[in-house]
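# Coordinate inspection notes
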Amino acid sequence: STEQTTEILLCLSPVEVANLKEGINFFRNKSTGKDYILYKSKSRLRACKNVCKHQGGLFIKDIEDLAGRSVRCTKHNWKLDVSTMKYINPPESFCQDELVVEMDENNGLLLLELNPPNPWDSEPRSPEELDFGEVQITYLTHACMDLKLGDKRMVFDPWLMGPAFARGWWLLHEPPSDWLERLCQADLIYISHLHSDHLSYPTLKKLAGRRPDIPIYVGNTERPVFWNLNQSGVQLTNINVVPFGIWQQVDKNLRFMILMDGVHPEMDTCIIVEYKGHKILNTVDCTRPNGGRLPMKVALMMSDFAGGASGFPMTFSGGKFTEEWKAQFIKTERKKLLNYKAQLVKNLQPRIYCPFAGYFVESHPSDKYIKETNTKNDPNELNNLIKKNSDVITWTPRPGATLDLGRMLKDPTDSKGIIEPPEGTKIYKDSWDFEPYLEILNAAVGDEIFLHSSWIKEYFTWAGFKDYNLVVRMIETDEDFNPFPGGYDYLVDFLDLSFPKERPQREHPYEEIRSRVDVIRHVVKNGLLWDELYIGFQTRLQRDPDIYHHLFWNHFQIKLPLTPPNWRSFLTCCEQNGPGISQVAEEDHIEPLRPAH
């Protein structure tokens, strides 16, 4: 089989994207003569080829549909609801194959097709009967599962100690006491993507001390999962980057396939594990895994469910961002996510579904506000919703609980199908070892780099983002987001990458980013991605006007250079240029947030 690739079918300019109307939009690629349909519902876009599945007819607007959601085939009057991609005439007949919709760097739009679209169908295998105990799935914490597959063991996404996203996320569940033994006994580990609740360097450091040669598998993403391995100091010697959409054979009964995400192909992946023809689908954090095309009726499906993995809207203030607005937004978004996951499970009809990868808590005392505001979905609520709409079996995992796949497939009511942890087992963590991790962050505050105000120009030049009309004010703060005594407070004009003392006279969008000094300096010093700040709730943001600057945030969250800034060379230059200064001079004081000119 060949590696799964993406083909660009249609490109829309930023102007064409801005002019998309709500509902149905028809497009033709003039160079190929092929036709496409784009459906817009607020900010959500869906797309497909303008070809009827029946006999390849062309769709036109359905004048009988007053809601403006369906199209009619010119050959035999078949009708397609483009908002759901399901045929409504004849009813319950087909689903239209969706294309991947991706925004490009200039707010243009690409329609992509994955080739092959269903790579798991290559070399199909019929399911064989499983012995009891032959396939067992044990939940450890968050997104970490320990799979026994015959005589092989496989572990997903081990985050079992320390924080994620600088110091913003901590484990909700107490991992089983034998977690390190379990990791050491694994034959292979799959790490889905580079976020630190999946790629946990504190966990891997502990593991590498015992088994540096453990085989680890990652997808061939544009931003390598282990891009920061050398910086981390973790000694792992057996990292395997595998192509998308190709079966990786482990033994005669076991194989796995890594798939890309349709929304974040540059960094996110998911996985299908197959043992004796029985598929386990783990979509992890993917927004649209494999562009929305997934295998039906797998034995076990697991996915994220909780929400809350973003600084929006909790870390925003000013304008519409009142506490009431935030609370309502969060409530609405969580419900939408819950309904989306329930619908996805209903559509895919796995035998068993498990919600996971959402078991984190903002437990540091300084993040009390986030913890109280950032409510998460309840896995039991999702499972009840699924059970109401389908006959899928659901499993809410507890640390150390084990699901026996052979038993559950044979008889879902078997009392030994899921073995819960022994009575008295600690399920939720009630204390976290904050200090060692905060010390690492705090060490950056007094670093020699920051004695020289020219670090600002050095850092943003290294970051490489410019030619974009946005002015950002960066303010270093204490724990409570008040200006840090002696800290930096400066403007960056990304149009020409200058650092003015006051905002320019031209019309410009403006953002104010307050960041905890220990985290921002740790991120700057080590050339880390800004997810540490943003997803880790370590910033407070205001923007005028209230516009999300995708290109700016996407650059700092995913596209920063792979090698950190050369601070040694920077300090050598500073020594040659005379003594440093400890802070921005008084005359560099910048006016507080005000509307753009």
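This report concerns the structure included in the present document. From a predicted model like this one, the values you see are computed outputs, not experimental measurements.

What counts, and where the lines are drawn
Residues numbered from 1 in each chain as written. Predicted model: local features only at pLDDT ≥ 70, side-chain atom pairs only at ≥ 80, totals over all residues. Heavy atoms only, no water. Buried < 20%, exposed > 50% of the residue type's maximum accessible area, 1.4 Å probe, protein only. Helix = DSSP H or I, 4+ residues; strand = E, 2+ residues; numbered from the N terminus. Pairing = 2+ DSSP bridges. Contact = heavy atoms within 4.5 Å. Right-handed = clockwise from strand over helix to strand, strands pointing away. Axes fitted to C-alpha atoms, helices over the stretch in contact; angles between N-to-C directions. 1 Å grid on protein atoms, 1.4 Å probe; cavity = no way out; pocket = protein on both sides within 12 Å on 5 of 7 lines; lining within 4 Å. Points joined across faces, edges and corners; volume = space filled by probe spheres on them. Nonpolar A, V, L, I, M, F, W, Y, C, P; charged D, E, K, R; others polar. Salt bridge = Lys/Arg side-chain N within 4 Å of Asp/Glu carboxyl O.

This paragraph deals with the pairing of strand β23 (residues 300-303). Residues of β23 alternate between two faces, with L300 and M302 on one and M301 and S303 on the opposite face, all of them buried. Where strand β22 (residues 278-282) meets β23, three bridges bridge the pair, whose relative direction is parallel. By the bridge assignment, I280 is partnered in β23 with L300. By the bridge criterion, four bridges tie β23 to strand β24 (residues 352-355) in an arrangement that is parallel. What sits directly across from M302, in β24, is C354.

Below, the discussion takes up the sheet that holds strand β28 (residues 418-419). One open sheet accounts for eight strands, arranged β18-β17-β16-β14-β13-β12-β27-β28; its pairing is mixed. With partners counted over all chains shown, the strands left at the sheet margins are β18 (239-242) and β28, one partner each. Sheet analysis places strand β12 (residues 135-141) next to strand β13 (residues 144-149), joined by six bridges and oriented antiparallel. Following the sheet pairing, Y139 is matched in β13 by M145.

Of note, V242 is situated in strand β18. A residue is classified by how much of its surface remains accessible, and V242, at 5% relative accessible area, is buried. Ignoring sequence-local partners within four residues, the contact set of V242 consists of Y217, V218, G219, N220, Q248 and I258.

Further remarks concern helix α13 (residues 550-558). With eight of nine residues buried, α13 lies mostly within the body of the structure. Along α13, the residues classified as buried are L551, F552, W553, N554, H555, F556, Q557 and I558. Where the residues of α13 are buried, they touch α10 (455-463), β29 (471-477), β31 (510-516), α12 (531-534) and β32 (539-544).

Here β24 shows no split at all, with I352 and C354 on one side and Y353 and P355 on the other all buried. In terms of handedness, the path from β23 via helix α5 (residues 323-348) over to β24 forms a crossover that is right-handed. Note: β24 against strand β26 (residues 393-394), two bridges, orientation parallel. Its bridge partner lying in β26, I352 is registered against I393.

What follows covers the sheet that holds strand β11 (residues 109-115). What the three strands build is an open sheet, ordered β1-β11-β10; its pairing is antiparallel. Looking at which strands have only one partner, the edges of the open sheet turn out to be β1 (5-12) and β10 (100-103). Averaged over neighbouring strand pairs, the angle between their axes works out to 35° when direction is ignored. Of the strand pairs in this sheet, β1 and β11 are connected by seven bridges, and their pairing is antiparallel. The partner of I8 across the bridge, within β11, is L112.

Here we come to the environment of M408. Mapped onto the fold, M408 is located in helix α8 (residues 405-410). Taking the C-alpha atoms as reference points, M408 and A299, 109 residues apart in sequence, are found 9.4 Å from one another. If we ignore the near neighbours within four places in the chain, the residues touching M408 are R351, I352, I393, L403, G417 and I418.

A separate point is empty space enclosed by the protein. Taken as a whole and assessed by the stated rule, the structure comprises one cavity of 30 Å³ or more. M474, I475, E476, Y490, I513, S515 and I520 together form the lining of the largest cavity. Of all the elements, β29 adds the most residues to the lining of the largest cavity, at three residues. Of the residues assigned to the lining of the largest cavity, the class counts are five nonpolar, one polar and one charged.

A word on the environment of W170. For W170, the location among the structural elements is in strand β15 (residues 170-171). Along the backbone, W170 and Q557 are 387 residues apart, and their C-alpha atoms lie at a distance of 20 Å.

Turning to the pattern of salt bridges, a few remarks are in order. When the charged atoms of two side chains lie near each other, side chains of opposite charge can form a pair. This structure, assessed with the given rule, holds 40 salt bridges. Across the pair D97 and K53 runs a salt bridge, and its minimum N-O distance is 3.4 Å. Taken together, the positions of D97 in the loop between β9 (91-95) and β10 and K53 in the loop between β4 (44-49) and β5 (59-61) put the pair 44 residues apart, joining distant regions of the chain. Take D97: its relative accessible area is 34%, and that puts it in the partly exposed class. Across the pair K341 and D304 runs a salt bridge, and its minimum N-O distance is 2.8 Å. Here K341 is found in helix α5, whereas its partner D304 is found in the loop between β23 and α5, with 37 residues between them in sequence. Look at K341 and you get buried, because its relative accessible area is 4%. Judged by relative accessible area, D304 falls into the buried class, the value being 15%. Connected through salt bridges with shared partners, the residues D146, R153, D178 and R182 form a single ionic network.

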